[in-house]
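An overview of the molecular structure
So the chains spell out like this:
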Amino acid sequence: MAEKARLAVYKVCWNGGYCMESDILAGLDKAVEDGVDLISISLGNSGFRAETVDNVAPWMITVGASTIDRKFPADVVLEDGTTYHTLYNGKQLPNKTYFPLIYAGSACMYGSLDPKLIHGKIVVCDRGDIGCVDKGNAVKKAGGIGVIVANTESSGEGLIADAHLFPGLAITLSAREKGVDILAAWTNDSSPSGCLEDTRRAEFNIISGTSTSCPHVSGLAALLKAAHLDWSPAMIKSALTTTAYTQDEDAEDYIDFLCESNYSLDHIQIITRRSVNCSSSKIKNPWDLNYPIISVGFGASKSSNSEVLVTTRTVTYVSETASRYKVRIINPEGVTVTVDIS
């Protein structure tokens, strides 16, 4: 992504992917001491379950593995043009029409699925307990329109071509864990396959996981830093996350954020390495931080009275040409959002 960037590499993990927090922190401290501009950390992957992409600290960019808009099919095509990918040959779902996807885990059994949640959706089910076709039938009975049966650790990479009674397919364990393919730069020191007998060399390779997506974002951040030496980490993050606006914070804003997040002074001073006075905080709630994403918390009030919450954002426009923007609001359920521009 940033061809002229210079790399400083710090070893913080050991055989078997074992990474101690003390080693990681030592690596971070050393990188800061050495004057590193950007720190890229991708220490392992975890699946698509809740909170696997989560980070509270606003000065960090959290990266999840995504995919590219190209396909690299490897179908088996017979001489007569027949293509094998599934044994289901009934009525297909409408072409170029997308449906909601919902994960039901191991609950894909008769009577275990809530029709209100399943209706009109494609359901991802864990393999096991009952047959894959039975899982598909349970989804169909609950009002689903398709099923994806995902292998678990016990079933690994093995696949069985099940004759589903409605649109359905199976995926391997590695596919459910990553499910993405990223086109990335590749070293000449290794073959694309990683096999010793493979003598091929390539400048690019298809790789999966956050260890590939994270360096992509790090490279983009490096390009922005090179083009705008005066931009703070917050401005770089805002430019990446919004692609349109930049909002600026400084270190004092982050300290205020920690104060209003109910961290103790001792914990905050571990980060700041200097004394902190939270009584002078300029923000009154964590969501008042001048951040491109607005996430607020409401009290669990049992009264029928509505609760009003106001938060402010300051936008800094950095382009040299004039632009016009329109506000578009999608109100969350039970919440009405209004925007006052001044």
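Preceding block: the structure.
A short tour of the structure in this document, coming up. (Residues numbered from 1 in each chain as written. Predicted model: local features only at pLDDT ≥ 70, side-chain atom pairs only at ≥ 80, totals over all residues. Heavy atoms only, no water.)

Looking now at the overall build of the protein chain. Counting secondary structure elements, the protein chain contains 8 helices and 10 strands. Buried positions account for 25% of the 342 residues belonging to the protein chain. Considering only contacts in the protein chain between residues 6 or more positions apart, those separated by 24 or more positions represent 48%. Put simply, the protein chain shows about 24,200 Å² of open surface, and 54% of that area lies on carbon and sulfur atoms. (Helix = DSSP H or I, 4+ residues; strand = E, 2+ residues; numbered from the N terminus. Buried < 20%, exposed > 50% of the residue type's maximum accessible area, 1.4 Å probe, protein only. Contact = heavy atoms within 4.5 Å. Areas by Shrake-Rupley, 256 points an atom, 1.4 Å probe, with all protein chains shown as cover.)

Among the secondary structure elements, Asn137 is positioned in helix H3 (residues 132-141). Overall, Asn137 belongs to the buried group, its relative accessible area being 17%. In this structure, Asn137 is in contact with Tyr110 and Leu165, ignoring residues within four places of it in sequence.

Note on backbone geometry: most residues besides glycine have negative phi, and most peptide bonds are trans. Here the phi dihedral of Asp129 falls at roughly 75°; this positive angle occurs in a residue that is not glycine. Tracing the chain through its elements places Asp129 in the loop between strand S6 (122-126) and H3. One non-glycine residue, Arg273, adopts positive backbone phi at about 60°. As for its position among the elements, Arg273 is in the segment after helix H8 (265-272).

A word on the pairing of strand S7 (residues 146-150). Most of S7 is tucked away, with 5 of its 5 residues classed as buried. Taking every second residue as pointing to the same face, both faces of S7 are buried, with Gly146, Ile148 and Ala150 on one and Val147 and Val149 on the other. The pairing of S6 with S7 spans 5 bridges and is classified as parallel. Within the sheet, the bridge partner assigned to Asp126 lies in S7 and is Ala150. Inspection of the sheet shows S7 paired to strand S8 (residues 168-171) by 4 bridges, in the parallel sense. Each residue of the ladder has a partner; that of Ala150, found in S8, is Ile171. (Pairing = 2+ DSSP bridges.)

This brings us to a nonpolar patch on the surface. Residues Val327, Ile329, Val337, Val339 and Ile341 make up a contiguous nonpolar surface patch of roughly 430 Å² in combined accessible area. Looking at the secondary structure, you find Val337 in the segment after H8. (Patch = residues over 30% accessible without salt bridge, like charges linked within 9 Å, V, L, I, M, F, W, Y side chains within 5 Å. Salt bridge = Lys/Arg side-chain N within 4 Å of Asp/Glu carboxyl O.)

Where a protein is soluble and globular, its nonpolar side chains tend to be buried together. In terms of nonpolar packing, the biggest core is built from 13 residues, with Cys108, Leu113, Ile118, Val123, Cys125, Val139 and Val147 touching the most fellow members. Of all elements in the fold, only S6, H3 and S7 reach the threshold of two or more residues within this core. Element by element, the count of residues in this core is highest for H3, at 3 residues. When near neighbours in sequence (up to four residues on either side) are disregarded, Cys108 contacts Leu113, Val123, Val124, Cys125, Ile130, Lys135, Ala138 and Val139. Listed in part, the 11 residues of the second largest apolar core include Phe257, Leu258, Cys259 and Val276. (Core = buried A, V, L, I, M, F, W, Y, C linked by side-chain atoms within 4.5 Å.)

Another aspect to go through is the environment of Leu173. Tracing the backbone shows Leu173 in helix H4 (residues 173-177). Sequence separation of Leu173 and Leu159 is 14 residues, and the distance between their C-alpha atoms is 9.7 Å. Among all residues touching Leu173, those that are not within four sequence positions of it are Asn151, Thr152, Glu153, Gly156 and Glu157.

This part covers the environment of Ala26. Mapping Ala26 onto the fold places it in helix H1 (residues 21-33). In sequence terms Ala26 and Lys11 are 15 residues apart; their C-alpha atoms lie 9.8 Å from each other.

Under the definition given, this model contains 3 disulfides. Note on cysteine connectivity: Cys108 is disulfide-linked to Cys125, with sulfurs 2.0 Å apart. Here the disulfide of Cys108 and Cys125 is left-handed, its torsion about the S-S bond being about -85°. Here Cys108 is found in the loop between strand S5 (101-105) and helix H2 (115-118), whereas its partner Cys125 is found in strand S6, with 17 residues between them in sequence. Residue Cys108 is classed as buried on the basis of its relative accessible area, which comes to 0%. Judged by its relative accessible area of 0%, Cys125 falls in the buried class. Numbered in order of appearance, the disulfide-bonded cysteines of the protein chain are paired 1-2, 3-4, 5-6. Cys132 takes part in no disulfide bond, and the closest cysteine sulfur to it belongs to Cys125, at a distance of 9.2 Å. The class for Cys132 is buried, based on a relative accessible area of 11%. (Disulfide = S-S within 2.5 Å.)

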